[in-house]
Number of protein chains: 2
Amino acid sequence: MATNISTRLKSKGKYSVSGALWIAYEGERCFGPGPMQLLQEIDKTGSINNAAKEMGMSYKKAWTIISDLNKHFNEPLVVTKSGGEGGGGSVITDTAKSIMKYHEDLRKRFAKFLETETGKLNK
Amino acid sequence: MATNISTRLKSKGKYSVSGALWIAYEGERCFGPGPMQLLQEIDKTGSINNAAKEMGMSYKKAWTIISDLNKHFNEPLVVTKSGGEGGGGSVITDTAKSIMKYHEDLRKRFAKFLETETGKLNK
């Protein structure tokens, strides 16, 4: 039985292999695109509060996401500087940067997988 | 920046890269594990009605799934035989078998991708 189904499809070029990907801890989803975007926004805006606003969530929600993520790593992902004259702010740590890079690379590999499979489906 | 994050994780061996996969038509999900299982059950039980029962869904629901799938292929996926002495029944076509084989192989390639990524994450 041929495994190439494209000859059996009515219209070619309109199909794609799509998917979702996440990291699980003991089978439970622990991080994916959402938390990664939050870290990016903290890095960009220099504050958890601003990042939360950018993403349309409460400070409390953003902090809970970060706090849940922190449990998995040897170093916190976000460090909050105490306010001096200019007030405080938050910065992401090297560990956060490392995870973000890993996640970005992982997404690229997944995108490549989907692209290859989509190519096979439509060829 | 190292992309291997495993050295930064508190506990090793408990993480996995998990995901979901489906086929989309013009961006809309059109088939995945559910419809494939339905085809398997029709093949096994020889009837859409029995297959629907096995999967805890109504005949109407099962028929709608098959009918929606049929639209994408040059040949129907399920053929209903008219009842003779022993009554009718449904059989899956070569096209259905071809799709099921394709889907099974695709799932294997995805499982391999996830396994490789999980290995990297925990190494």
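Look a little higher up for the structure.
The rules we used
Residues numbered from 1 in each chain as written. Chains lettered and ligands numbered in written order. Predicted model: local features only at pLDDT ≥ 70, side-chain atom pairs only at ≥ 80, totals over all residues. Heavy atoms only, no water. Helix = DSSP H or I, 4+ residues; strand = E, 2+ residues; numbered from the N terminus. Buried < 20%, exposed > 50% of the residue type's maximum accessible area, 1.4 Å probe, protein only. Contact = heavy atoms within 4.5 Å. Polar contact = N/O pair within 3.5 Å; in protein donor to acceptor, adjacent residues only side chain to side chain. Buried area = accessible area lost by both parts, 1.4 Å probe. Salt bridge = Lys/Arg side-chain N within 4 Å of Asp/Glu carboxyl O. Nonpolar A, V, L, I, M, F, W, Y, C, P; charged D, E, K, R; others polar. Pairing = 2+ DSSP bridges. Axes fitted to C-alpha atoms, helices over the stretch in contact; angles between N-to-C directions. Parallel < 35°, antiparallel > 145°, perpendicular 65-115°, else oblique. Left-handed = near helix turned anticlockwise from the far one by under 90°. Core = buried A, V, L, I, M, F, W, Y, C linked by side-chain atoms within 4.5 Å.

A. Seen up close, the environment of Glu75(B). Within the secondary structure layout, Glu75(B) lies in the loop between helix H3 (59-70) and strand E3 (78-84). Residue Glu75(B) is classed as partly exposed on the basis of its relative accessible area of 31%. C-alpha separation for the pair Glu75(B) and Ser47(B), spaced 28 residues apart in sequence, amounts to 18 Å. Residues within four places of Glu75(B) in sequence aside, it is in contact with Arg8(A), Thr93(B), Asp94(B) and Thr95(B). Side chain to side chain, Glu75(B) and Thr95(B) meet in a polar contact 2.5 Å long.

B. The arrangement of the interface of chain B and chain A in detail. With 46 residues of chain B at the contact, the number on the chain A side is 46 residues. Note on chain B versus chain A: buried area summed over both sides is about 4,100 Å², and carbon and sulfur give 59% of it. Where chain B touches chain A, the interface holds four salt bridges. The partner of Arg109(B) in a salt bridge is Glu117(A), with the nearest N and O atoms 2.6 Å apart. Taken together, chain B and chain A are joined by 23 residue pairs in polar contact (both at pLDDT 80 or more). When contributions to the side of chain B that touches chain A are tallied by element, the ones reaching two or more residues are strand E1 (15-25), strand E2 (28-31) and helix H4 (94-122) of chain B. Top element by residues in the side of chain B that touches chain A is H4(B). It accounts for 16 residues. Partitioned by chemical class, the residues of the side of chain B that touches chain A number 22 nonpolar, eleven polar and 13 charged.

C. Quick peek at the sheet that holds strand E2 (residues 28-31) of chain A. Taken in spatial order, the four strands line up as E2(A)-E1(A)-E1(B)-E2(B) in an open sheet, and their pairing is antiparallel. Of all strands in the sheet, those with a lone pairing partner are E2 of chain A together with E2 of chain B, marking the two edges. Direction aside, the axes of adjacent strands within the sheet are offset by 65° on average. Helix H4 (residues 94-122) of chain A rests against strand E1 (15-25) and E2 of chain A together with E1 of chain B of the sheet, and its axis sits at about 150° to E1(A).

D. Inspection of the pairing of E1(B) at higher detail. Pairing of E1(A) with E1(B), which is carried by eleven bridges, proceeds in the antiparallel orientation. The residue bridging Tyr15(A) from the neighbouring strand is Tyr25(B), located in E1(B). The pairing of E1(B) with E2(B) spans three bridges and is antiparallel. Of the residues in E2(B), the one forming a bridge with Tyr25(B) is Glu28(B).

E. Examining the packing of helix H1 (residues 33-45) of chain A against H4(A) more closely. Residues and elements named next belong to chain A. At a minimum axis distance of 10 Å, the contact between H1 and H4 shows a crossing angle of 130°. In terms of orientation, H1 lies oblique with respect to H4. Read as a crossing pair, H1 and H4 show a hand that is left-handed. Note on element contacts: H4 touches H1 through Ala96, Ile99, Met100, His103 and Arg107, opposite Pro33, Met36, Leu39 and Gln40.

F. Region of interest: the nonpolar core. Counting residues in hydrophobic clusters, the biggest one holds 65 residues, and the most contacted among them are Ile23(A), Phe31(A), Leu39(A), Ile23(B), Phe31(B) and Leu39(B). Discounting residues that sit within four places of it in the chain, Ile23(A) has contacts with Glu28(A), Arg29(A), Cys30(A), Phe31(A), Tyr102(A), Leu106(A), Tyr15(B), Ser16(B), Val17(B) and Leu121(B).

G. Broad picture of the pattern of salt bridges. Applying the stated criterion across every chain, the model contains 14 salt bridges over all chains. The salt bridge involving Lys71(A) is made with Asp68(A); its shortest N-O contact spans 3.0 Å. Among the salt bridges present, the one from Glu41(B) reaches Lys44(B), with a minimum N-O distance of 3.5 Å. Taken together, the residues Glu41(B) and Lys44(B), both in helix H1 (residues 33-45) and three residues apart, mark about one turn of the helix. For Lys44(B), a relative accessible area of 65% gives the class exposed. Counted as one network, the salt bridges with shared partners bring together Arg109(A), Glu117(B) and Lys120(B).

Function cannot be inferred from these measures alone, as they are strictly geometric.
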